[in-house]
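Structure assessment
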Amino acid sequence: MRTILFVLIFASFSEIKAAEIDDIAQVDSLLALNISQISQDFYHSKQVFEQAAEVTQSLNDELRTAELFNILGIIHHMLDKPEQAVQYFNRSILLFEKNQNAIGAGNSYTEMGNSMRRRDIGRAKSFMEKGINILEKNDATQSLQSAYDNYGVILHDLNQPDSALIYYNKALHLKRLKRDTIGIPYSLQKIAMVNASEGEFETALSKLDTALEISENIKDSLLICETYTYFGDVYSADKDYKKAVEYYESALSIAKRNKYNYLINYIYHELPDMYHALGEKDKAFDMIKEGNELKDSVLNTERVRSIAELEMFYEATQKEQQIKLLEQEVQINELSLQQNRRIIYGIIIFGFLVLALIVSYINRQKLKHKAVLLQQSENLQKERLRSVIIGEEQERERLARELHDGLGQLLSATKMHVSALEEDVKHELKTQLQNSIKLVDQACTEVRQISHALLPKRLNEGELDVALMELKETIQSGKKFQFNLKTHGDFSGIKGQEAVAVYRIIQELVNNTIKHSNAGIIQLSMNVYSEGYSISYSDNGKDFDLKSLEKQNGIGWENIYSRLDLINGQIEISDNNGSFSAVIKTKKEAAM
């Protein structure tokens, strides 16, 4: 049975040991570690988790592989390797979504957003919001703690301190409920930076004192190092550059000792400015030089590691080749020339077969990747469409409220004032005054009808059938159309954006009948079943031509097809002796 090295953290959490046990138990032990334990040696942790991923991939254990990829993404982010981090997060998300593990996918989305913060904050915010939305829907309290913290950082970077503070406090509340002594300092650090940005330096330092006390009690070197760095940031913002230097230097010492590359790079970026502000220009120059030398040293270390791995591989290959040569010599001594030729021919044929298999495998992988990209593109397009339609409905809602609260109230006030004149006017003017009051009444009615058409309140209350009945009464009030409506089933589950989409589709079909046909009767039936619902619509108009409809690019039909996409519905249109009919079908679980 294959075995790998895994990290065992003893009670002191200060030593990383190696052990050999059963593969799956070994992987589960790795997955149980927290970031503080992993951070004791990021380079060694990277190697161990990569070996673990090889084991789970060989066993086709996709969920454990996805979890390992997510952790490898975090490790590469800590090692300041953003491209590799994003690759691992992407692979993790694909596996989680393939296995319908929403919480795992949500975690990976938030971690990927956090890793992209310094390179593309717009995309980072988008990924973070998507991950938090998934985690909140699945009540993933544990995962939301760090997600809220990291989202707060993005909002703070976007100059939204009040919003950032809301999410930091959300994270802190969850951590205190769970008594998460490792997580609490992280939230306190972030809150302190918001306080500092608003000039509340004493409050910020108090928060960091609490974070440092907790970090020192649990002896977490990464937390201590980060807290010292935040102290430096606060004193820098307060222009106490001497204090800032003290804390940055303390943090740098810990970061060098533990190889926290992302902190080392950050501190070397800040220290020259501090020394320059103190008038120590030579020291500032030394810091810049030392930072550059350290970057070169890290690169050289990476090269040494790569060369060592290549040398080990080369030595193993050489030994294998020597063994094969000895075997071939024995075979040459034992077999005839004809047998040797057959072996050679067999090797050539086998090589071609292997090459063909490799080419076939690569082509299949390309097709799979292309399919994934296509699906992602379709999903993105759907999300954009959803945003446009939601925006449209929000604008309808705004207009409806403006009409009702603005123009409607103004007309009501006008009626009240005009009515007050009725007793004072002369008899010959009373008829004109009463006609004016009737006109104001009609205007009020029109405003109410327009407001209701823009935003039927029933749609958000699970009363789509009642909204359709009201639409029927509105159409029939004109005495031009006979509107026959039949509904069947439980409509309470169709609400919100889904109900709006269905209502707008039906409304657009009715508008088409009113505008473009000489119909006198409209037939509408909607049946709701356990697995979905169907809608049948028809009118008795004349001269409807299905071929001409297929060539149309009108806004009305674009709206119908757009909303059909949102509810994953399909429409079948037919003409019956010149009249129009349509059938819409959708599955409930596929709707919005």
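Model, not experiment: these values are computed from the prediction. (Residues numbered from 1 in each chain as written. Predicted model: local features only at pLDDT ≥ 70, side-chain atom pairs only at ≥ 80, totals over all residues. Heavy atoms only, no water.)

Phe 49, Val 234, Tyr 260 and Leu 271 are the most contacted members of the largest nonpolar core, which has 59 residues in total. It is helix α12 (residues 221-237) that contributes the most residues to this core, 9 residues altogether. Sequence-distant contacts of Phe 49, defined by excluding residues within four places in its chain, comprise Leu 30, Ile 38, Leu 68, Ile 71, Leu 72 and Ile 75. By size, the runner-up hydrophobic cluster in this structure holds 37 residues, among which are Phe 481, Ala 519, Ile 522 and Ala 582. (Core = buried A, V, L, I, M, F, W, Y, C linked by side-chain atoms within 4.5 Å. Buried < 20%, exposed > 50% of the residue type's maximum accessible area, 1.4 Å probe, protein only. Helix = DSSP H or I, 4+ residues; strand = E, 2+ residues; numbered from the N terminus. Contact = heavy atoms within 4.5 Å.)

Further remarks concern unusual backbone geometry. For Lys 219, which is not a glycine, the phi torsion comes out positive at approximately 55 degrees. On the basis of relative accessibility, which here comes to 70%, the residue Lys 219 falls in the exposed class. The backbone of Lys 239 shows a phi angle near 65 degrees, a positive value even though the residue is not glycine. Positionally, Lys 239 belongs in the loop between α12 and α13 (241-258). For Lys 239, a relative accessible area of 62% puts it in the exposed group.

Turning to the pattern of salt bridges, a few remarks are in order. Applying the stated criterion across every chain, the model contains 8 salt bridges. Residues Glu 50 and Lys 46 are paired through a salt bridge, measuring 3.3 Å at the closest nitrogen-oxygen approach. With Glu 50 and Lys 46 both in helix α3 (residues 42-58) and 4 residues apart, this pair spans about one turn of that helix. Classification of Glu 50 by relative accessible area gives partly exposed; the value is 24%. Lys 175 is paired through a salt bridge with Asp 149; the nearest N and O atoms lie 2.3 Å apart. Of this pair, Lys 175 sits in helix α9 (residues 161-178) while Asp 149 sits in helix α8 (residues 141-157), and the two are 26 residues apart along the sequence. Exposure remark for Asp 149: the relative accessible area of 3% places this residue in the buried category. (Salt bridge = Lys/Arg side-chain N within 4 Å of Asp/Glu carboxyl O.)

For the rest of this paragraph, the subject is the packing of helix α7 (residues 121-137) against α8. Remark: α7 packs on α8, axes separated minimally by 10 Å, with the N-to-C direction vectors making an angle of 150 degrees. Our classification of the angle between α7 and α8 gives roughly antiparallel. At the point where α7 passes α8, the crossing takes the left-handed sense. In this structure, α7 contributes Ile 121, Ala 124, Lys 125, Met 128, Glu 129, Ile 132, Leu 135 and Glu 136 to the contact, and α8 contributes Ser 143, Leu 144, Ala 147, Tyr 148, Asn 150, Tyr 151, Ile 154, Leu 155 and Asp 157. In terms of residue class, the contact of α7 with α8 is made up of 11 nonpolar, 2 polar and 4 charged. (Axes fitted to C-alpha atoms, helices over the stretch in contact; angles between N-to-C directions. Parallel < 35°, antiparallel > 145°, perpendicular 65-115°, else oblique. Left-handed = near helix turned anticlockwise from the far one by under 90°. Nonpolar A, V, L, I, M, F, W, Y, C, P; charged D, E, K, R; others polar.)

A few words on the confidence of the model for the protein. Do not read the fine detail of predicted coordinates wherever pLDDT is low. Looking at the protein, the pLDDT average stands at 78 and 76% of residues meet or exceed 70. Summarising per-element confidence for the protein, the mean pLDDT is lowest in strand β1 (residues 8-9) (33) and highest in α12 (92). Throughout residues 1-21 the model reports pLDDT below 50, and contacts reaching past four residues in sequence, or to other chains, amount to 56 contacts. Within the model, pLDDT remains below 50 along residues 302-318, and this stretch shows 6 contacts once partners closer than five positions in the same chain are excluded. (pLDDT = per-residue confidence, 0-100.)

It is worth spelling out a nonpolar patch on the surface at this point. A cluster of nonpolar side chains, namely Ile 344, Tyr 345, Ile 348, Phe 352, Leu 355 and Val 359, defines an oily patch on the protein surface of about 620 Å² accessible area. Classification of Ile 344 by relative accessible area gives partly exposed; the value is 46%. (Patch = residues over 30% accessible without salt bridge, like charges linked within 9 Å, V, L, I, M, F, W, Y side chains within 5 Å. Areas by Shrake-Rupley, 256 points an atom, 1.4 Å probe, with all protein chains shown as cover.)

Turning to the packing of aromatic side chains, a few remarks are in order. Counting across every chain of the model gives 8 aromatic pairs. Consider the rings of Phe 69 and Tyr 88, whose centres lie 5.7 Å apart with planes at 50 degrees: the pair is tilted. In this pair, Phe 69 is assigned in helix α4 (residues 62-78) and Tyr 88 in helix α5 (residues 82-98), connecting sequence segments 19 residues apart. For the pair Phe 69 and Tyr 88, one class covers both residues: buried. Between Tyr 151 and Tyr 167 the ring centres are 4.8 Å apart and the planes differ by 90 degrees, which places this aromatic pair in the edge-to-face class. Residue Tyr 151 is located in helix α8, and its partner Tyr 167 is located in helix α9; the two are separated by 16 residues in the primary sequence. The class for Tyr 151 is buried, based on a relative accessible area of 7%. Taken together, the ring pairs connect Tyr 228, Phe 231, Tyr 235 and Tyr 247 into an aromatic cluster. Directly above the ring of Tyr 148 sits Lys 170, whose terminal nitrogen or CZ lies 5.3 Å from the centroid. (Phe/Tyr/Trp six-rings, centres within 6.5 Å; stacked < 30°, edge-to-face > 60°. Lys NZ or Arg CZ within 6 Å of the ring centre and 35° of its normal.)

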